[in-house]
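# Residue-level structure breakdown
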Amino acid sequence: YFNVVKRGAHSLRYVRNPEKEELHTLLREGGDAIAILTFAPEIFSDELLAQLFREKSDFTQLSVGHSNATFAEATAAFSGRSGLPPIPLATHLYN
């Protein structure tokens with residue numbers, strides 16, 4: 001779930017905003033096969049970010065990347081926004 005303007009080499013046809021059911025299916029089916037899930041926090045609502053934390057495997061690490069977040073949005077993600085845990089990793093930050 002990348003910000004479309006920071007998608008890098010990824011094809012535009014595969015870049016999309018998160019949706020509740022798709023996220024649920026991805027996390028349920030992916031389980032422990034997803035070691036790192038990189039996402040742009042500014043495209044996640046608080047509700048979807050909470051779902052991500054709730055439904056991900058304990059094995060899955062969350063990472064901010066391919067993001068066009070403002071300083072405030074990035075700071076909130078790294079420090080834990082809306083009472084959620086902080087995002088501990090960064091992937092391709094400022095690509």
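The structure contained in this document is the topic of the report that follows. Note that the structure is a prediction, hence the values are computed from the model and not measured. (Residues numbered from 1 in each chain as written. Predicted model: local features only at pLDDT ≥ 70, side-chain atom pairs only at ≥ 80, totals over all residues. Heavy atoms only, no water.)

### Points about the overall build of the chain
When you go through the chain residue by residue, the secondary structure sums to three helices and three strands. N-terminal to C-terminal, the α/β element order of the chain is α-β-α-β-α-β. Relative to the globule expectation of 12 Å for 95 residues, the C-alpha radius of gyration of the chain, 12 Å, shows essentially globular dimensions. For the chain, the spread of C-alpha atoms along the principal axes amounts to about 30 × 30 × 20 Å. Counting over 95 residues, the chain shows a buried share of 39%. If you take every contact in the chain between residues at least 6 apart in sequence, the share linking residues at least 24 apart comes to 74%. A total of about 5700 Å² of accessible surface is found on the chain, and carbon and sulfur atoms cover 55% of it. The distance from the centre of the 9 positive side-chain charges to the centre of the 11 negative ones in the chain is 6 Å. (Helix = DSSP H or I, 4+ residues; strand = E, 2+ residues; numbered from the N terminus. Rg over C-alpha atoms; globule rule 2.2 N^0.38 Å. Buried < 20%, exposed > 50% of the residue type's maximum accessible area, 1.4 Å probe, protein only. Contact = heavy atoms within 4.5 Å. Areas by Shrake-Rupley, 256 points an atom, 1.4 Å probe, with all protein chains shown as cover. Lys, Arg positive; Asp, Glu negative; His and termini not counted. Charge placed at Lys NZ, Arg CZ, Asp CG, Glu CD.)

### Quick look at unusual backbone geometry
Look at His66: it is not a glycine, yet its phi comes out positive at around 45°. Looking at the secondary structure, you find His66 in the loop between strand E2 (61–65) and helix H3 (71–79). Residue classification places His66 among the buried residues on the basis of a relative accessible area of 6%. Positive phi values are uncommon outside glycine, yet Ser82 reaches one of about 55°. Structurally, Ser82 can be placed in the loop between H3 and strand E3 (89–91).

### A short note on the pairing of E2
Most of E2 sits inside the fold, with four of its five residues counted as buried. Bridge count for strand E1 (residues 36–39) against E2 is four bridges, and the pairing is parallel. The residue of E2 that forms the bridge with Phe39 is Val64. Each parallel crossover has a hand, and for E1 linked through helix H2 (residues 46–55) to E2 it is right-handed. Pairing analysis gives three bridges linking E2 to E3, with the strands arranged parallel. Within E3, the position partnered with Ser63 by the bridge is Leu89. In terms of handedness, the path from E2 via H3 over to E3 forms a crossover that is right-handed. (Pairing = 2+ DSSP bridges. Right-handed = clockwise from strand over helix to strand, strands pointing away.)

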